[in-house]
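# Residue-level structural notes
Now for the letters of each chain:
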Amino acid sequence: MLILFLKKRAFDLKKTIIPFVWLTALATLYEFIGTVLLKINTTYWSQLYSFLAFLTLYYFFFKLFRPNYKNAFRIYFILFTIIFCISFFFWTDKNTFITRAINRIPLTLFVLTFSFLWFKELFKKMKIQNPWQNADFYFVSGFAIYYSSTFFLFLLGSFIFNSNVYFYDYWLVNIIATLILRIFLIIGVWKMKQD
C-alpha cells in the first residue's frame, strides 16, 4: 500500500490489483488494531473478509481476462454467492473454522482455475516476452501459491484446532504462505511501472 501511495497509484482503478491491495492493507490494520489491541471477536471479520476477498479477486481476474470466459465467471459468482449464503447456517460467533472452510472451497477453486488459465494462455500465446518483468505474473503466482498451500489448512482447521496436535505449528503454513503472497504483491506493485 505504501508503494502505491509513493507511486501515486493508490486510487488508480485501471490497475486491477488495487482493490485487493486495499483489502490486504485493511485486513492487516484490522488484525492488529481490532484483534490484538481491542480484542474484538474475529468471527465477524473472517466472514466479511471471505466475501471481500472473493469480490476483489473476481474483479482482478475478470479484468485480466476481459472478453474471455464470461460463462465461467458467472458460474463462479453464482456458486460463491450460494455457498457463502449456506455458510451462515454453520456460522457461530465462537467458531469460524467451519465457515472459513466452506467459503474457502469456491474461492480456492476460482483462484486456481483462473491462475491455471492465465498460465496456459501465457505459455500458449507468448504475449509476454519476459514474465519476470510483468506485474500480473507476480500477482497470479502469489495467489496460486497462497491459495493452493493454505487450502487444506483452512479445510481441516476445525479438526486441527480441536485435536491434540499443536495448532500453531500448522498455522505456520498460513503465516509463510501469507508472507510469500505479500512479497509477490510488493514485487508486482513495484513492477507495475513497467507495464
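For the structure given in this document, a descriptive report is provided here.

Cut-offs applied
- Residues numbered from 1 in each chain as written.
- Predicted model: local features only at pLDDT ≥ 70, side-chain atom pairs only at ≥ 80, totals over all residues.
- Heavy atoms only, no water.
- 1 Å grid on protein atoms, 1.4 Å probe; cavity = no way out; pocket = protein on both sides within 12 Å on 5 of 7 lines; lining within 4 Å.
- Points joined across faces, edges and corners; volume = space filled by probe spheres on them.
- Helix = DSSP H or I, 4+ residues; strand = E, 2+ residues; numbered from the N terminus.
- Nonpolar A, V, L, I, M, F, W, Y, C, P; charged D, E, K, R; others polar.
- Buried < 20%, exposed > 50% of the residue type's maximum accessible area, 1.4 Å probe, protein only.
- Lys, Arg positive; Asp, Glu negative; His and termini not counted.
- Salt bridge = Lys/Arg side-chain N within 4 Å of Asp/Glu carboxyl O.
- Polar contact = N/O pair within 3.5 Å; in protein donor to acceptor, adjacent residues only side chain to side chain.
- Contact = heavy atoms within 4.5 Å.

### Regarding the layout of surface pockets
The probe, sized like a water molecule, is rolled over the atoms to show the empty space still left. Counted as a void, the second largest pocket has a volume near 240 Å³. What lines the second largest pocket is a set of 13 residues, and nearest its centre among them are K14, K15, T16, L64 and D136. At the level of secondary structure, the elements contributing two or more residues to the lining of the second largest pocket comprise α3 (43-64) and α6 (135-155). Here the lining of the second largest pocket gets 3 residues from one element, more than from any other, and that element is α6. Here the lining of the second largest pocket is built from residues that sort into 5 nonpolar, 2 polar and 6 charged.

### Notes on the side chain of R104
Topologically, R104 is positioned in helix α5 (residues 97-125). Of the side chains with opposite charge, E31 comes closest to the buried, unpaired R104, at an N-O distance of 9.9 Å. Engagement of the side chain of R104 in a polar contact is seen with the side chain of Y146, the distance being 3.4 Å. Not counting chain neighbours up to four residues away, the residues in contact with R104 comprise Y146, Y147, T150, F151 and F154.

### A word on unusual backbone geometry
Within the chain, K39 stands out as a residue other than glycine whose phi angle is a positive 55 degrees. Summarising the element assignment, K39 is placed in the loop between α2 (18-37) and α3. Exposure remark for K39: the relative accessible area of 65% places this residue in the exposed category. Positive phi is not limited to glycine here, since Y69 has a value of about 60 degrees. Along the chain, the position of Y69 falls in the loop between α3 and α4 (70-87). Among the residues examined, Y69 registers a relative accessible area of 30% and is labelled partly exposed.

Scope: geometric values only; no functional claims are made or implied.
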